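# Fold and contact review
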Amino acid sequence: MRVKEDKEKSPVTIRYKALKNGNQSIYLDCYLGSGQREYKFLNLYLRPGKSKEDREWNKTQMELATAIKSQYIVDIQNGVYGFKDLNRTRKLNFIDYLQRMSDDYAKSGQKACHTLMESTIKRLIRYKGKNVNFNQVDKEYLIGFIDYLNHETNDFDTRKADQGRVQKPLSDVYKEALFARVMVALNKAEREGIIIKNPGKDIDHKLKPHAKESTRCYLTLEEVKKIIETPYWPKNDVKPAFLFCCFSGLRHSDLLKLTWGEIKQTADGQYQIETMMKKTKHSVAVPLSENALSFLPERGEAKDSDRVFPNLPDQPGNADARLKTLIRHAGIDKKVSFHVGRHTFATLTLTYGADLYTVSKLLGHCNIRTTQIYAKIVDEQKRKAVNLIPKL
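Cut-offs and rules
Residues numbered from 1 in each chain as written. Predicted model: local features only at pLDDT ≥ 70, side-chain atom pairs only at ≥ 80, totals over all residues. Heavy atoms only, no water. Helix = DSSP H or I, 4+ residues; strand = E, 2+ residues; numbered from the N terminus. Contact = heavy atoms within 4.5 Å. Pairing = 2+ DSSP bridges. Axes fitted to C-alpha atoms, helices over the stretch in contact; angles between N-to-C directions. Phe/Tyr/Trp six-rings, centres within 6.5 Å; stacked < 30°, edge-to-face > 60°. Buried < 20%, exposed > 50% of the residue type's maximum accessible area, 1.4 Å probe, protein only. Polar contact = N/O pair within 3.5 Å; in protein donor to acceptor, adjacent residues only side chain to side chain. Arc of directions from axis to C-beta. Parallel < 35°, antiparallel > 145°, perpendicular 65-115°, else oblique. Left-handed = near helix turned anticlockwise from the far one by under 90°. Nonpolar A, V, L, I, M, F, W, Y, C, P; charged D, E, K, R; others polar. Core = buried A, V, L, I, M, F, W, Y, C linked by side-chain atoms within 4.5 Å. Salt bridge = Lys/Arg side-chain N within 4 Å of Asp/Glu carboxyl O. Expected span 1.5 Å × (residues − 1). pLDDT = per-residue confidence, 0-100.

A few words on the side chain of Ser248. In this structure, Ser248 sits in the loop between helix H9 (238–246) and helix H10 (252–257). The contacts of Ser248, once residues within four sequence positions are left out, are Val286, Leu288 and Phe345.

In structure tokens:
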């Protein structure tokens, strides 16, 4: 009796998709196991015509598609894409993988990325612990982490909470940045064949953390001139420090620690600040314009280690309260804090022709998308200026 031979089903099938122009796009339908599929479009297509030229074209396209299909089958069987290498994902610890990425950031001098990844790791451990392998990092795990971030606070030290310190929820910007680190790691793992697919790609875009675009307060050049012309009597560094901030882009925290030794003279006789930003631990070199230099106090006998603005209030709230008085006397009806000086620097430089990349570097931004917020502000002001022309 002849036994019917079972044919093993191929994990890769050539399929076709009709295009509007009548052609058919060729793609591969790859079965990955456990009900998972992946589609690979090959940038190959068949023509509908029956001419000799079209037949030759279609024959060549099918030969290419068949060759690619064969290679994909071999690759799947060899585990090149990680389709069948499930034991590897079970053994690899996700947290350890993130830690190696964090260490690589530190070694390559990417301090901001290193700091952010370390914070991400700490929160992931608090969320589900250290013993999390890649096969446990699925869509539900990631959605749970997003929910955890939505209820997390900005303080890891419970002792500070016991001392009466208010624990604030994480900002939308910070939640977006933390989750982005996880996505970067999973994309890397996908490229390396450790996982089949980044499960975060299947999460609804609306569920992912998003930074809301906020309206940023800034000063126009005319308003800056008003502040310059306004007398300010208290013997502290609030007025010159704020104006210096408007022309250098430094934060209050950076002004506090700025020393004379960090103001360097370049080979062409110009001056620039070479410092590490306190918030991001990111090193920056900020050239100083004549406007910025004009608001530096006299150095006198000050040493390199001496602060440039020694009388600037240490607490941001105290500095902002004194600045508020100055702004009121200048006749400016805006809610101005020291950080508005940084916003002002960004909008002024973009308004007067600086490109987005250069401004991003001057501000020490790790992500140029942060700088794009200021570009949108400038574009909006340009539109308003154009619309001031009366309709004829």
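Judged by pairing direction, the sheet is antiparallel, and its three strands sit side by side in the order S4-S5-S6 without closing on themselves. Each edge of the sheet is formed by a strand with only one pairing partner; in this case those strands are strand S4 (263–265) and strand S6 (283–287). Neighbour-to-neighbour, the strand axes of the sheet open up by a mean angle of 30 degrees, direction not taken into account. With five bridges joining them, strand S5 (residues 271–276) and S6 adopt antiparallel strand pairing. Considered in S6, the bridge of Thr275 is made with Val284.

With that settled, the discussion passes to the packing of aromatic side chains. Counting across every chain of the model gives 13 aromatic pairs. Judged by centre distance (5.4 Å) and plane angle (45 degrees), the ring pair of Tyr45 and Trp57 falls under tilted. Of this pair, Tyr45 sits in strand S3 (residues 36–46) while Trp57 sits in helix H1 (residues 52–78), and the two are 12 residues apart along the sequence. Looking at Tyr45, the relative accessible area reads 30%, which means it is partly exposed. Taking 5.9 Å as the distance between ring centres and 40 degrees as the angle between the ring planes, the aromatic pair formed by Tyr127 and Tyr148 counts as tilted.

Another aspect to go through is the environment of Asn93. You can see Asn93 is positioned in the loop between helix H2 (86–91) and helix H3 (94–107). Measuring from C-alpha to C-alpha, the distance between Asn93 and Lys130 comes to 8.3 Å, with 37 residues separating the pair along the chain. Filtering out sequence-adjacent residues up to four positions away, Asn93 remains in contact with Lys130, Asn131, Val132, Asn133 and Phe134. Engagement of the side chain of Asn93 in a polar contact is seen with the backbone oxygen of Lys130, the distance being 3.0 Å.

Now for helix H14 (residues 356–363). Buried residues of H14: Val359, Ser360, Leu362 and Leu363, and no others. Angular distribution of buried residues about the axis of H14 spans 165 degrees; they occupy a single face of the element. With a side-chain oxygen lying 3.1 Å from the backbone nitrogen of Tyr357, the N-terminal cap of H14 falls on Asp355. Within two residues after H14, Gly364 carries a phi angle of roughly 75 degrees, on the positive side.

With respect to the helices, strands and loops of the structure, Lys239 is situated in helix H9. Of note is the side chain of Lys239, whose polar atom sits 2.5 Å from the backbone oxygen of Thr230. Residue contacts for Lys239: discarding those within four places in its chain leaves Ile227, Ile228, Thr230, Pro231, Tyr232 and Leu326.

Let us now look at the packing of helix H8 (residues 221–229) against H9. Each pair of packed helices can be summarised by the angle the axes make with each other and by the distance between the axes. At a minimum axis distance of 11 Å, the contact between H8 and H9 shows a crossing angle of 155 degrees. With respect to H9, the element H8 is oriented roughly antiparallel. Between H8 and H9 lies a crossing of left-handed hand. Between H8 and H9, the contacting residues are Val224, Ile227 and Ile228 on the first element and Lys239, Phe242 and Leu243 on the second. Taken together, the residues that form the contact of H8 with H9 break down as five nonpolar, no polar and one charged.

This part covers the nonpolar core. With 50 residues, the main nonpolar core has Ile227, Phe244, Leu255 and Phe338 as its most contacted residues. Of all the secondary-structure elements, those providing two or more residues to this core are H8, H9, H10, S6, helix H12 (316–329), helix H13 (338–351), H14 and helix H15 (368–387). Ranked by residues supplied to this core, first place goes to H9 with seven residues. Residues in contact with Phe244, not counting those within four places in the same chain, are Leu250, Leu255, Leu258, Ile273, Leu288, Ala292, Phe295, Leu296 and Phe309. Of all hydrophobic cores here, the second largest spans 32 residues; its members include Cys113, Val182, Ala185 and Ala189.

Moving on, we get to the packing of H3 against helix H7 (residues 172–191). Contact pair H3 / H7: the axes reach a minimum separation of 11 Å and the direction vectors enclose 100 degrees. Comparing the axis directions of H3 and H7 gives the class roughly perpendicular. Here Phe94, Tyr97, Leu98, Met101 and Tyr105 of H3 come into contact with H7, specifically with Arg181, Val182, Val184, Ala185, Leu186, Lys188 and Ala189. Its residues assigned to classes, the contact of H3 with H7 shows 10 nonpolar, no polar and two charged.

Okay, the pattern of salt bridges next. Applying the stated criterion to the full structure yields 15 salt bridges. The partner of Lys175 in a salt bridge is Asp172, with the nearest N and O atoms 3.5 Å apart. Note that Lys175 and Asp172 are positioned in helix H7 at a spacing of three residues, about one turn of the helix.

The terminal C-alpha atoms of H12 lie 20 Å apart, and with 14 residues this matches the ideal 20 Å at 1.5 Å per residue to within 8%. By the burial criterion, the buried members of H12 are Ala319, Leu323, Leu326 and Ile327. Angularly, the buried residues of H12 cover 95 degrees about the axis, an arc narrow enough to put them on a single face. Exposed positions of H12 whose direction lies more than 90 degrees from the buried face are Lys324 and Arg328. Where H12 is buried, its residues meet H8, H9, H10 and H13. Of the residues flanking the end of H12, it is Gly331, one or two places downstream, whose phi is positive at about 75 degrees.

This part is about the confidence of the model for the chain. Per-residue pLDDT for the chain averages 82, and the proportion of residues at 70 or more is 84%. Taken together, the stretch residues 80–86 has pLDDT below 50 and engages in 14 contacts with residues farther than four places along the chain or on a different chain.

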